[in-house]
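# Understanding the architecture of this molecule
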Amino acid sequence: MKKINKAVLLNDYNKFAEKAAVLVRNNDLKNALVYIETCVKIAYNFNFIYTDDKLESLLMQISEKTLSKPEFIPIKDRYVFYDYFGNTKVLTQQYIRALISWDVEFLYLLQDGTNFSKEIRDELASYPKAKVVVLTEDDVFNKMRQAQLEIAEFRPSKALLHIAPWDLIGICVWNSFTNVDRFLINLTDHAFWLGKSCSDFILEFRSYGYNLSHDARNIPKDKLLLQAYYPIQNDVPFKGFPIDLKDKIIGFSGSSFYKIYGRNGKFLDLIKSILDRNENFIFLLAGWGIDEPIRKFIEDNNFKDRFILLGERNDIDQVFKHIDIFINTYPFIGGLMTQLAVVNKKAIVSYTSEDLTFNLIEDFLSIDRDRAGSIMDECAFLDEVDQLIKSSTYRDENIELYSGSIPSIQEFNNTLWENCNQPHNSCTLKIPSIVINYDAILELYLEVDNDFLKLYQKLKLVNLKSLYFRHFPFSALKCAALIVFNDFKTVKRNIKDYIKN
């Protein structure tokens, strides 16, 4: 398969963006949204750019063409929490718990109820001042109108926007509410997203995102607010481990598996060095995604009983309680996993390189940089792990260094209240400057896809197939079958011919 590079990405991205612009001018708005979403997915997965004012403008035009301007007088201290996700894997619980702690009325508006978690449903049901609405319309524009109507009838003064980078419905809806203070939660601060046009302030959870939003997204500093988060712990019973780990020192990491690919598989090489140097050490890896490279690594090194793939675990807090050392992923860090290691009082060790500053754990945690943080020298990192493995006292000292390094629930709630009610005071915070090597980041994403995931062509096809199906419905079943059986060459040829016309 031919390798992709920046030129390929830019060519596809610009071609699809221009298609979208033409379609908006011709009022073919539904197809325009498909092309815009495809652009977002390309940019989000490779990060050769971090914002696009032209696409934002197209979404603003779509809003104006499909939605009227709601006219209402906002009611003070009435909030909307607009949620794209509805599950416990993101920041929904932290924010709705803050709203509940303020004893305010709020509308919880969920874009799609397909994956609406029971935990969140129950929590909302137990609070009498929360109104819960799940959008049910199938047609994209009817769904926008349904959302707009619910918001206008509720008459909020402020809105918290918990959107995905490609949530075009949410962006179009909130573009129309200029009489509401809109706070966008920058959930994926390291990556491309749309939403500048529909927000008045951006809630950043660390200095890296703050710097990137100012430098690469061109967002003024007086619109950037710092809102560090805390992890939600669960009480799911422990499901055990697949082998007996008695009398072993257990290292653990977890993430989407793409986070440990790249840099020629450096993370797996580091784990191999640790296992080779410490016979009493076992490494566990939880996560999801393409795992063939990991399984091959285990087999090639005869690590069957020492490097254990756990799969995706919903008992993650219990997993942490049964390990000794948390080893952060590389070349992509796990921010939430790091925080879970802190609250579960486990030793933490992290490796990164100077050109990947999004990996600095000291940017996720409030710690003394001179005593703890990311290690950028391989030998120093391996020596640190050796000490943690050999000495329980040293592990206890490490745990103490990270103790209290994440905000408490009350601190999160208080900071969010200040950000929502006194945002211009919050803008005066001194945020450390972070140098971002954009070229190194793009090269890393290209390497991961070219050498490991090989998902770029599939990404385009999955997004654009709806256009083909809509115009050639009799071919839809055939193309769907071809996609299922991974005959992407034929699907690509069919869709490519359509896109050219």
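Residues numbered from 1 in each chain as written. Predicted model: local features only at pLDDT ≥ 70, side-chain atom pairs only at ≥ 80, totals over all residues. Heavy atoms only, no water.

### With respect to the environment of Leu446
- Along the polypeptide, Leu446 turns up in helix α17 (residues 438-453).
- Sequence spacing of Leu446 and Gly262 is 184 residues, and the spatial spacing of their C-alpha atoms is 8.9 Å.
- In contact with Leu446, other than residues within four places in its own chain, are Ile4, Asn5, Lys6, Leu9 and Phe46. (Helix = DSSP H or I, 4+ residues; strand = E, 2+ residues; numbered from the N terminus. Contact = heavy atoms within 4.5 Å.)

### Some points on the packing of helix α1 (residues 6-25) against helix α2 (residues 29-46)
- Put simply, α1 and α2 touch, their axes get as near as 8 Å, and they point 155 degrees apart. When the axes of α1 and α2 are compared, the pair comes out roughly antiparallel. Two packed elements cross with a definite hand, and for α1 against α2 that hand is left-handed. When α1 is examined against α2, the residues Leu9, Asp12, Tyr13, Phe16, Ala17, Lys19, Ala20, Leu23 and Val24 are found in contact with a partner set consisting of Leu29, Asn31, Ala32, Tyr35, Ile36, Thr38, Cys39, Ile42, Ala43 and Phe46. (Axes fitted to C-alpha atoms, helices over the stretch in contact; angles between N-to-C directions. Parallel < 35°, antiparallel > 145°, perpendicular 65-115°, else oblique. Left-handed = near helix turned anticlockwise from the far one by under 90°.)

### Examining the nonpolar core
- Ile36, Trp174, Phe307, Ile327 and Phe381 are the most contacted members of the largest nonpolar core, which has 111 residues in total.
- Sort the elements by how many residues they give to this core and α2 lands first, with 11 residues.
- The residues contacting Ile36, other than those within four sequence positions of it, are Ala20, Leu55, Leu58, Leu59, Ile62, Leu168 and Leu194.
- The next biggest cluster of nonpolar side chains, apart from the first, holds 56 residues, and it includes Phe201, Ile232, Leu284 and Ile348. (Core = buried A, V, L, I, M, F, W, Y, C linked by side-chain atoms within 4.5 Å. Buried < 20%, exposed > 50% of the residue type's maximum accessible area, 1.4 Å probe, protein only.)

### Observations concerning the environment of Pro432
- Mapped onto the elements, Pro432 comes out in the loop between α16 (423-426) and α17.
- According to the relative accessible area criterion, Pro432 is partly exposed, its value standing at 49%.
- Separated by 198 residues in sequence, Pro432 and Asn234 place their C-alpha atoms 33 Å apart.

### Describing the sheet that holds strand β11 (residues 325-327)
- In space, the 5 strands of this open sheet follow the order β10-β9-β8-β11-β12, with parallel pairing throughout. Both edges of this open sheet fall to β10 (307-311) and β12 (347-349), since each of them pairs with a single strand only. Going across the sheet, the axis of each strand differs from the next one's by a mean of 25 degrees, ignoring polarity.
- Pairing geometry for β11 and β12, over 3 bridges, is parallel. Looking across to β12, one finds that Phe326 is bridged to Ile348.
- Relative to the sheet, helix α13 (residues 378-390) contacts β8 (249-256), β9 (281-288), β11 and β12, its axis offset from that of β12 by approximately 165 degrees.
- The strands touched by helix α14 (residues 392-402) are β8, β11 and β12; relative to β12, the strand with the most contacts, the crossing angle is about 80 degrees. (Pairing = 2+ DSSP bridges.)

The values reported here are purely geometric and, on their own, carry no functional implication.
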